[in-house]
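A closer look at the structure
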Amino acid sequence: MNQFEVIIVGGGMVGAAAALGLARQGRQVALIERQPPEPFEPSQPMDLRVSAISQASVSLLKDLGAWASVEAMRVCPYRRLETWEAEDSRVCFSADQLDLPQLGYMVENRLIQLGLWQQFARFDNLHLVSPASITGMMQAGELHQVQLESGDTLSAPWLIGADGAHSKVRDYAKIGLTSWDYRQHCMLIHVETAAPQQDITWQQFFPSGPRSLLPLCGHNASLVWYDSPARIQHLCQLNAEQLKAEIVSHFPPQVGDVTPINWGAFPLTRRHAQQYHRNGVVVIGDAAHTINPLAGQGVNLGFKDVAALLDACADAGAEWQAESTLKVYEKARRTDNMMMQTGMDVFYTAFSNQVTPLKLARNAVFKLAEHSGPVKTQVLKYALGL
């Protein structure tokens, strides 16, 4: 039996960041991940899964020593963000408003994970177990035991679930979940563009759901298409030529000339754990909350979870594994996560309704927001985690 102070299940972006941060604090950490990320080669096509990484997330990655590794692979900075429904009601955000060089970066999820994994070798107290499959979890006194398919058993007073929306760790701890479906699916389309990408990401709202462009390196971009499950299923079955015709017909003209390379889809579901910890079991990232990806805040919220947990542990000193530390973590994160979830729900509900008075009202709000001065700046700072 291998005993540690913390076992983390899930070595994705959020789990890897938590493992690295706790190891840097001197904790004895075991990180279990089913499948290691594929190594990076510059000639590789871009992954379908990308994230809009906020300035706050970049700060955390820099603090963990991982950002330089991520940046050395490929990232795409963006300086402007536009969102609108009617053409005359655009809300435009710019890095110039905050005197920043950029608002954030578009980065492939795997590359963020790889950048974090590349730091593991710096810490003798971080034990990576991968590839590995879990066959069972049980509690023995004050310890949580994780049994692996290899026959090994790991134990620790703390067990952290960073194993995604369908978290087995959350189920093991009997932490309840509040969830509902949005009755929409999200389609991601990696496209090749005729011209190199500019420094802008944009999103337009339609009755069936928003459509967005995320700039990527060189002649690449990611298109995001929200629609009914049946419509998205139909689109996924098209060939590249047919899909391009649909993009031309249904995206705003500023998408330009694009060629679909790869695409896939997933359902949209809102989930929120009814508590973030129970008997020494902690949930972070998607294991604790999933959000409508309208504003691209999913992984940023997960990184905020990591930062709050690390701060709570550091502030607690020698008593860092007390229950009070986890209470501090939950208090720091629950309200912020709920506010972001609720904000996205308001957007989803408001723009799903085509009643004329409501449509006029929301476009009036967009016009007002564009000229709201300090209020607009505060909204931008909140979205960036500043």
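Residues numbered from 1 in each chain as written. Predicted model: local features only at pLDDT ≥ 70, side-chain atom pairs only at ≥ 80, totals over all residues. Heavy atoms only, no water.

This part is about the overall build of the protein. Each helix and strand in the protein was counted, giving 11 helices and 21 strands. Across the 386 residues in the protein, those meeting the buried criterion constitute 53%. Long-range pairs, those at least 24 residues apart, make up 73% of the contacts in the protein with a sequence separation of at least 6. (Helix = DSSP H or I, 4+ residues; strand = E, 2+ residues; numbered from the N terminus. Buried < 20%, exposed > 50% of the residue type's maximum accessible area, 1.4 Å probe, protein only. Contact = heavy atoms within 4.5 Å.)

We now examine the nonpolar core. Grouped together as the largest cluster of nonpolar side chains are 73 residues, with contacts concentrated most on I8 and I284. The greatest single-element share of this core, amounting to 9 residues, is contributed by helix α1 (residues 13-24). Beyond its immediate chain neighbours, meaning those up to four positions away, I8 contacts G15, A18, A19, L22, V29, A30, L31, I32, I160 and A162. (Core = buried A, V, L, I, M, F, W, Y, C linked by side-chain atoms within 4.5 Å.)

Before going further, it helps to spend a moment on the sheet that holds strand β4 (residues 50-54). Strands sit in the order β4-β8-β5 across an open sheet of 3 strands; the sheet is antiparallel. For this open sheet the edge positions go to β4 and β5 (76-78), each flanked by a neighbour on one side alone. Each strand axis lies, on average, 30° off the axis of its neighbour in the sheet, ignoring direction. By the bridge criterion, 3 bridges tie β5 to strand β8 (residues 104-108) in an arrangement that is antiparallel. Paired with C76 across the bridge in β8 is M106. (Pairing = 2+ DSSP bridges. Axes fitted to C-alpha atoms, helices over the stretch in contact; angles between N-to-C directions.)

This part takes up unusual backbone geometry. A cis amide bond links S130 to the next residue, P131, at an omega of 0°. Considering the arrangement of structural elements, one finds P131 in the loop between β9 (126-129) and β10 (134-140). Look at D99: it is not a glycine, yet its phi comes out positive at around 55°. Mapped onto the fold, D99 is located in the loop between β7 (91-94) and β8. A residue is classified by how much of its surface remains accessible, and D99, at 71% relative accessible area, is exposed. For K174, which is not glycine, the phi torsion reads 60° and is therefore positive. Inspection of the secondary structure assignment puts K174 in the loop between α5 (168-172) and β14 (177-193). K174 sits in the exposed class, given a relative accessible area of 65%.

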